[in-house]
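What the coordinates show
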Amino acid sequence: MAIKTYKNFIDGKWVASSSGETFDNINPANHKEILGRFQKSNASDLNKAVKSAVKAQEGWRNLPAPKRGEILFRVGELLVKHKESLAKDMTREMGKVLNETRGDVQEAIDLTYYTAGEGRRLLGETVPSELNNKFCMTVRMPVGVVAAITPWNFPIAIPSWKLIPALVCGNTVVFKPASDTPLSAYRFVKLFEEAGLPPGVLNFVTGSGTEIGEPLIEHHNINLVSFTGSTDTGAVVAHKCAWNMKQYSLEMGGKNAIIVMDDADLDLAVEGVIWGAFGTTGQRCTACSRVIVHKKVLRKFTSRLLKRTKTLRLGDGLKNTTDVGPLINEAQRQKVLSYCKLGVEEGAKLLLGGNVYKKGNCRGGFFFEPTLFAGVSPKMRIAQEEIFGPVLSILECKSLENAVEIVNDSRFGLSSAIYTRDVNRAFKAIEKLDTGLTYINSSTIGAEVQLPFGGTKGTGNGHREAGTTALEIFTEWKSVFVDYSGALQKAQIED
Ligand code: NAP
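Residues numbered from 1 in each chain as written. Predicted model: local features only at pLDDT ≥ 70, side-chain atom pairs only at ≥ 80, totals over all residues. Heavy atoms only, no water.

1. Considerations on a nonpolar patch on the surface
Rules: Like-charged residues within 9 Å of one another, or nonpolar side chains (Val, Leu, Ile, Met, Phe, Trp, Tyr) within 5 Å, are grouped into patches, provided each residue has over 30% relative accessible area and no salt bridge. Here the Shrake-Rupley method, with its probe set to 1.4 Å, supplies the accessible areas, and only the displayed protein chains count as covering residues. When a carboxyl oxygen of Asp or Glu lies within 4 Å of a side-chain nitrogen of Lys or Arg, that pair is called a salt bridge. Numbered from the N terminus, helices here are DSSP runs of H or I no shorter than four residues, and strands are runs of E no shorter than two.
Together, V423, F427, I430 and I440 make up an exposed nonpolar region whose accessible area comes to about 370 Å². Here the nonpolar patch takes 3 residues from helix α14 (residues 423-432), the largest share from any one element. When you line up the elements, V423 lands in helix α14.

This is the structure we're talking about:
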C-alpha cells in the first residue's frame, strides 16, 4: 500500500514544508511498518505558523469565551466519535496497549469537556475597595501566542492539556508534537478543523526539537511556552525563555515510588505496583520505578511480585492477549539496557529480565523484558535516575519515616503512593511526601483531569496543568479599579 504523506496545518491550510523533506513514522512493535511520512519542517515554516497565529489573535480573543467553548465542545464530541480509531492509530505509532490508548483519548475527552466549560466561567474576583464609591475586580486576559511542545507517551491526552485551556482562554497556538507520534497529533488537529476553529487559531508544525523546537521557543512573537518532556530538555526551554523574557510552564520527569507498609493488603499492593511499573511499558512520567517495602513484609511481597511479573505477556498492543507493548524506539531500548547493566554493576540483584526481548512475533519491535531489581540502595543510580522503561527497583525500609526519606531523596517530585490500612500513617505520608501527587492504596498513575497535575523539584517550575489551575498558566490577570465617586480619591493617602 502507498505510504501517505501528511502536511503541516498553517493558517487553516494543509501545506508542505519548504524544506521539501519528510521523515518516517514507524510502528515500534514492527519497525518495518511505516505509518506515514511527515513534514521535516524548518525555521521558515515555523515563521509562517507563528505569523498566522499572530494574525488570528485579535479575532479569536474578541470572540466571546462561551463561543470559544462551544467550538471546543464540538472537538470533545468528535473525540468521542473517533475514539476507537484514534486509539488504534495511537497503539500503532507508539506501542502502548489498546486499553491504554483508549484511556489516552478518554483523558482528552474528559479534559475537553471539563475545560471547554471554562468558556462560561473563567472566574475572576470582586473584592471591597478601601474607598467609598469604588469597585474592584480582577479579569482574565489571554497571554497571546502559545507554543505547545509535547512528548510521545500521551500523544493526544497531553496536547489536549495544553491546546484546550490555551484556546478557551483566548490564546492562539503553534503546536509542535513529538517526532515519534505525529500521526495522533495530526488526527487531533484535524478535529479542531472539523469543529470549525477559525484559520490560524491553531497551527501544527512537525519536525525535530532542535530544528524547529528551539527556534519556536526563541521566536519573538511567542508569549508563552508550554512544554512537557524530559527534565534535560525542560532546562533548555527554561534557559531560552528566561533569556528572551517569555513565560513558560514545564512538566518534566519523575522517579516515582510506592511505599508498601507492613500492614498493607499485599495482593492489592502487588497489582498497584505492576500497573505502575509496567503499564505503558514503564514509559509514563508517573511510572512507579521504585517500590519501598517494609522489612517485615519484604520477602513475602517480593516473592508475590516476582510471580506476578512473570505472568506479563509481551506483544503488539493491538492484540488483546498483550499486557506490555514495546518501547518507543531503539535509542530508548539501548538506554534501558544500559541502566540494567549499570544496576548489576552497582551491586543490585537482578531478579528478572534485564534484556531486550526478541522472541516470536516480538522480533521486529523494540521490546524489553519486564525487569526487577532487588537489594537496591537509595543512592544507586538506578534508584535515582529516570529510566523510562519496564524496570522496577525494590528497596527496603525500616519505618514510615525511613520510607518517606527514601522517596524524598530524589531530584524529581511528581508522584508517590502508599499502601497501608492505618489512617494515621496515610495522613502522615500525605503531609511528608514531597511530590505533586500522592495516592493512598492505589498506584502512582491514574490522575483525573479535574485536579491539578504536576510536580515539585526537577519535575516542574511551580505550575499545575488540568483542573482550574491550568487557567493560571494560560491567562494574565488584570486588576480593575472603577471609581464612581466623581471626585479624585487617593488610595493610601491621608487627607
Ligand atoms: P523530550 O525528548 O524532552 O521531548 C519532548 C518534546 O520536546 C518533543 O516534542 C521534542 O521534539 C521536543 N524537543 C526536544 N529537544 C528540544 C529542544 N532542544 N528544544 C525544543 N524542543 C525540544 O521528552 P520525550 O522523550 O518526548 O518524553 C519523555 C519525557 O517526558 C520523560 O522525561 C517524561 O517523564 C516526561 N513527561 C513528563 C510529563 C509530566 O506531565 N510531568 C508527562 C509525560 C512525559 P522531538 O520529538 O522532535 O525530539
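2. Notes on the sheet that holds strand β16 (residues 391-397)
Worth spelling out the cut-off: Strands pair, by our definition, only if DSSP identifies at least two bridges between them. Each axis is a line fitted through C-alpha atoms, taken for helices only over the stretch in contact, and angles between the N-to-C directions span 0 to 180 degrees.
A sheet is described by the order of its strands in space; here 7 strands give the open sequence β14-β15-β16-β13-β12-β18-β19, paired in mixed fashion. The sheet terminates laterally at β14 (349-352) and β19 (437-440), the two strands that pair on one side only. Between one strand axis and the next, the sheet turns by 20 degrees as a mean value, whatever way the strands run. Looking at chain direction, strand β15 (residues 371-374) and β16 are connected through 3 bridges and run parallel. Bridge pairing links F373 to S393 in β16.

3. Describing the packing of aromatic side chains
The condition that has to hold: Paired rings are identified among Phe, Tyr and Trp, the last through its six-membered ring, by centres lying within 6.5 Å, and are further divided according to the angle between planes into stacked (under 30 degrees), edge-to-face (over 60) and tilted (the rest). The cut-offs for exposure are 20% and 50% of the maximum accessible area for each residue type, with area from a 1.4 Å probe on protein chains only; residues under the lower value are buried, those over the upper are exposed, and the others partly exposed. Distance and angle both matter: a charge sits over a ring if NZ of Lys or CZ of Arg is within 6 Å of the ring centre and within 35 degrees of the ring normal.
Enumeration according to the criterion identifies 11 aromatic pairs in this entry. Aromatic side chains F9 and W14 sit 4.5 Å apart centroid to centroid with 35 degrees between the ring planes, which places their arrangement in the tilted category. In this structure W14 comes out as partly exposed when scored by relative accessible area, which is 22%. On the numbers, 6.4 Å between centres and 65 degrees between planes, the contact of W14 with F204 is edge-to-face. Here the residue W14 occupies a position in strand β2 (residues 13-15), and F204 occupies one in strand β9 (residues 202-204), the gap between them amounting to 190 residues. One aromatic cluster is present, formed by Y6, F9, W14, F23, F38, F175, Y186 and F204 through successive ring pairs. K96 extends its terminal NZ or CZ atom over the ring of F154, reaching a point 3.8 Å from the ring centre. The residue whose ring lies beneath R284 is W275, and the NZ or CZ to ring-centre distance is 5.1 Å.

4. Remarks on the domain arrangement of the protein
We count it as follows: Segment limits for the domains were obtained from an automatic or database-derived domain assignment. By buried area we mean the combined loss of accessible area, with a 1.4 Å probe, across both parts when two parts are placed together. For the purposes of these results, a polar contact is taken to be a pair of N or O atoms within 3.5 Å, where, inside protein, one atom must be able to donate a hydrogen and its partner to accept one; residues adjacent in sequence count only when each atom of the pair is a side-chain atom. All amino acids are sorted into three groups, where Ala, Val, Leu, Ile, Met, Phe, Trp, Tyr, Cys and Pro are nonpolar, Asp, Glu, Lys and Arg are charged, and the leftover types, Gly among them, are polar.
The domains assigned to the protein are domain 1 (8-252 + 460-479) and domain 2 (256-440). The gap between the C-alpha centroids of domain 1 and domain 2 is 31 Å. Summed over both partners, the interface of domain 1 with domain 2 buries about 1900 Å², with 62% contributed by carbon and sulfur atoms. Three residues stand out in domain 1 for area buried against domain 2, namely A29, E100 and W152, and they jointly supply 26% of the buried area on that side. Connecting domain 1 to domain 2 are 1 salt bridge. Counting across the domain 1 and domain 2 interface gives 6 residue pairs in polar contact (both at pLDDT 80 or more). Listed by contribution, the elements that provide at least two residues to the side of domain 1 that touches domain 2 are β4 (30-39), α3 (83-94), α4 (98-116) and α8 (231-243). If one sorts the elements of the side of domain 1 that touches domain 2 by residue count, α3 sits on top with 5 residues. For the side of domain 1 that touches domain 2, a count of residues per class yields 9 nonpolar, 6 polar and 8 charged.

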